[in-house]
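# Structural overview for review
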Amino acid sequence: MERLAGKRTWGGTRLGAVSVPTEIILHILVGLFAFICILPFIFTVIISFSSEASIREVGYSFIPIEWSLKAYDTVFDLGLQLYRSFFNSVFVSVAGTAFSVLICILYSYVLYRRDYKYKKFFMFFSFFTMLFGGGLAPTYMVCKNLLGLNNNYAALIVPLLVSPFNFIVMRTFFRNAVPEALIESASIDGSGEYRTLFQIIVPISLPGIATIALLNMLAYWNEWFLSLLYIRDNELIPLQYMLMRTQQQVEFMVNNSGKIGPELSEAIRNLPTDSFRMALVVIIVVPIAFAYPFFQRYIISGLTIGAVKE
Amino acid sequence: MAKSLSPNGTLARRRFNTKTLVLTTMALPGAIWLLLLRYLPMFGIVLSFQDYKIYTKAPSLINNILHSKWVGLENFKFLFATTESWVMIRNTLGYNALWIVLGIIFAVAFAIMISEMTTKFAAKVYQTLMFFPYFLSWVVVSYFVYAFLSPEKGLITNLQKNMDLDPTQWYSDPRPWPYILTFAYLWKNLGYSCILYLATITGIDSSQYEAARIDGASKWQQIRYVTLPHLRPMIIILFILSVGRIFNADFGLFYQVPMNYGPLYPATQVVDTYVYRALMSMNNIGMSSAAGLLQNVVGFICIMVANSIVRRVDPDSSLF
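These numbers come from a predicted model, not from an experiment.

Tyr107(A), Tyr109(A), Met130(B), Tyr171(B) and Tyr197(B) are the most contacted members of the largest nonpolar core, which has 191 residues in total. Tallying contributions element by element places helix H15 (residues 274-307) of chain A first for this core, with 17 residues. If we ignore the near neighbours within four places in the chain, the residues touching Met130(B) are Val30(A), Phe33(A), Ala34(A), Cys37(A), Phe110(B), Ile114(B), Gly191(B) and Cys194(B). Core analysis: the next-biggest nonpolar cluster, separate from the first, contains ten residues, Met88(B), Ile89(B), Val271(B) and Val275(B) among them.

The next subject is the pattern of salt bridges. Residues and elements named next belong to chain A. Within the structure shown, the criterion is met by eight salt bridges over all chains. The closest approach of N and O atoms between Arg-113 and Asp-115, which form a salt bridge, is 2.9 Å. By relative accessible area, Asp-115 is classed as partly exposed at 37%. Taking the shortest distance from any N to any O, the salt bridge between Arg-114 and Glu-180 comes out at 3.0 Å. Here Arg-114 is found in the loop between helix H4 (80-112) and helix H5 (119-131), whereas its partner Glu-180 is found in helix H9 (residues 180-188), with 66 residues between them in sequence.

For the rest of this paragraph, the subject is the environment of Ile237(A). Residue and element names in this part refer to chain A. Note that Ile-237 resides in the loop between helix H12 (225-230) and helix H13 (239-255). Judged by relative accessible area, which is 1%, Ile-237 ranks as buried. Taking the C-alpha atoms as reference, Ile-237 lies 9.6 Å from Phe-87; in sequence the two are 150 residues apart. Setting aside its immediate chain neighbours within four residues, Ile-237 contacts Gln-81, Ser-85, Asn-88, Ile-231, Met-242 and Arg-245.

Rules used in this analysis
- Residues numbered from 1 in each chain as written.
- Chains lettered and ligands numbered in written order.
- Predicted model: local features only at pLDDT ≥ 70, side-chain atom pairs only at ≥ 80, totals over all residues.
- Heavy atoms only, no water.
- Core = buried A, V, L, I, M, F, W, Y, C linked by side-chain atoms within 4.5 Å.
- Buried < 20%, exposed > 50% of the residue type's maximum accessible area, 1.4 Å probe, protein only.
- Helix = DSSP H or I, 4+ residues; strand = E, 2+ residues; numbered from the N terminus.
- Contact = heavy atoms within 4.5 Å.
- Salt bridge = Lys/Arg side-chain N within 4 Å of Asp/Glu carboxyl O.

What follows is the structure, encoded as structure tokens:
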């Protein structure tokens, strides 16, 4: 990706490049959109550092009257549920990524092997599911009632384990990275198939595996739909779902505040404050925001490979 | 000779079979998953043709299905009898058609603009910033939107108040939502497709531009006759993929960003949110399955038709 821009300038001359005024306009247009892409996150960070009094006074604002760290104190005081959800998110992301990467390596390696007899069958078997499926309701009924994916960690991990798209990406990586002669010579040396895969193929395909791992990690970290479908216990909910439910609870309470008794108005006073909720958002986004510039390169290579047809 | 060859032959065949067997065990974990979580639910399509009831004597999914009444196409009839269904179909197709066109135009435009920049560093920073929203979940995005539109404290609401305008009731008035959803969609997804196009532009041999310049081609002509033809296969691939999903909507966008508010349904209800709400809130499994089946069949037909048209016009760009 290093060579993406400015490719056609030679030694700093502007030969063949757009004129200077045009380039300034390009920078304004693209720069403005790029700025808008990051702006809401900056705004959220500012709100999370605004004091509650300031928010009452001027609403959410880029220039709060008063700054405060209180939201973060409250977030970390909150204790159990937050730590629990944080643990769930990390656990589900790590375990899910480990299993899904393993399954993906095995399956795509088989698709990569030209000399494998049932290669075509397994290719079709996974590709067809990209074109047609049973739909949400039947899948939900089967997962919940037949497979026991109901209110447990498995329900948060299993449904995302396999992605036919990733199989195709990984197989393309194998094709680009592994010369077939390597497998032949390993086989002549008497190496078993599993040993060849894990001791010879995997080490030279690490960039591709990193791409798949990061895509999966991201999918698990950002997951909330599975909790919406299968999870009831608070002990099991991940951060994303916790964030989503906090918002719904607040809205519910505020909308019904007219109709409720004194004990509930007490509950309203103890509701998570605005800055608190925005602090939660920041806590969820910060790991992505900091890791993302470093792993962007891998993700881009994965996405560009996946989009190119087989 | 023949005698000494045959044991070798058997050995070779046995090794071959062992190899096939071992490689098959590698495919098994993935294959079993696909079988259980993708192929098994396809049999659940029968639910679309049933009035699904719990079989109280021995409730289990299979017993329930076996003992539920077969109602033929009743569920589909009900689905089309309501005005709600037309709204959701209109929304799904309308948003998708609009976004396919806008998505291609904006992403290609941004990709070309970035590729023409001479300051490498700035171009890279723009790319990184534009790609950032792709990594966020819709839950997080819904909070971003809320920060601007909240009825009491939102930035835009407050600006309206300060200018003595009537603040828009963003979360109860469906009219502005087509614009909000379109903006949210482009905001989150442009960076991704932009990067796909940029990667293609980077791969274009620079001698083609030199030749065009020597022939006196202006910048516009270079874009028109060199860059765009090279982008065509990628545009077509992404186009087929989105046409194949024209009956599918991004559930998170339509469920999280409007925060599931009922008054907004005329602008925010799509097939995916309907399938979910029929299943989870109304508990109407027959209707939900019927809508889902319709979605899958239409999607399947669309992708097949789109692909075969492309294959006829431009065989190299077709998907399969």
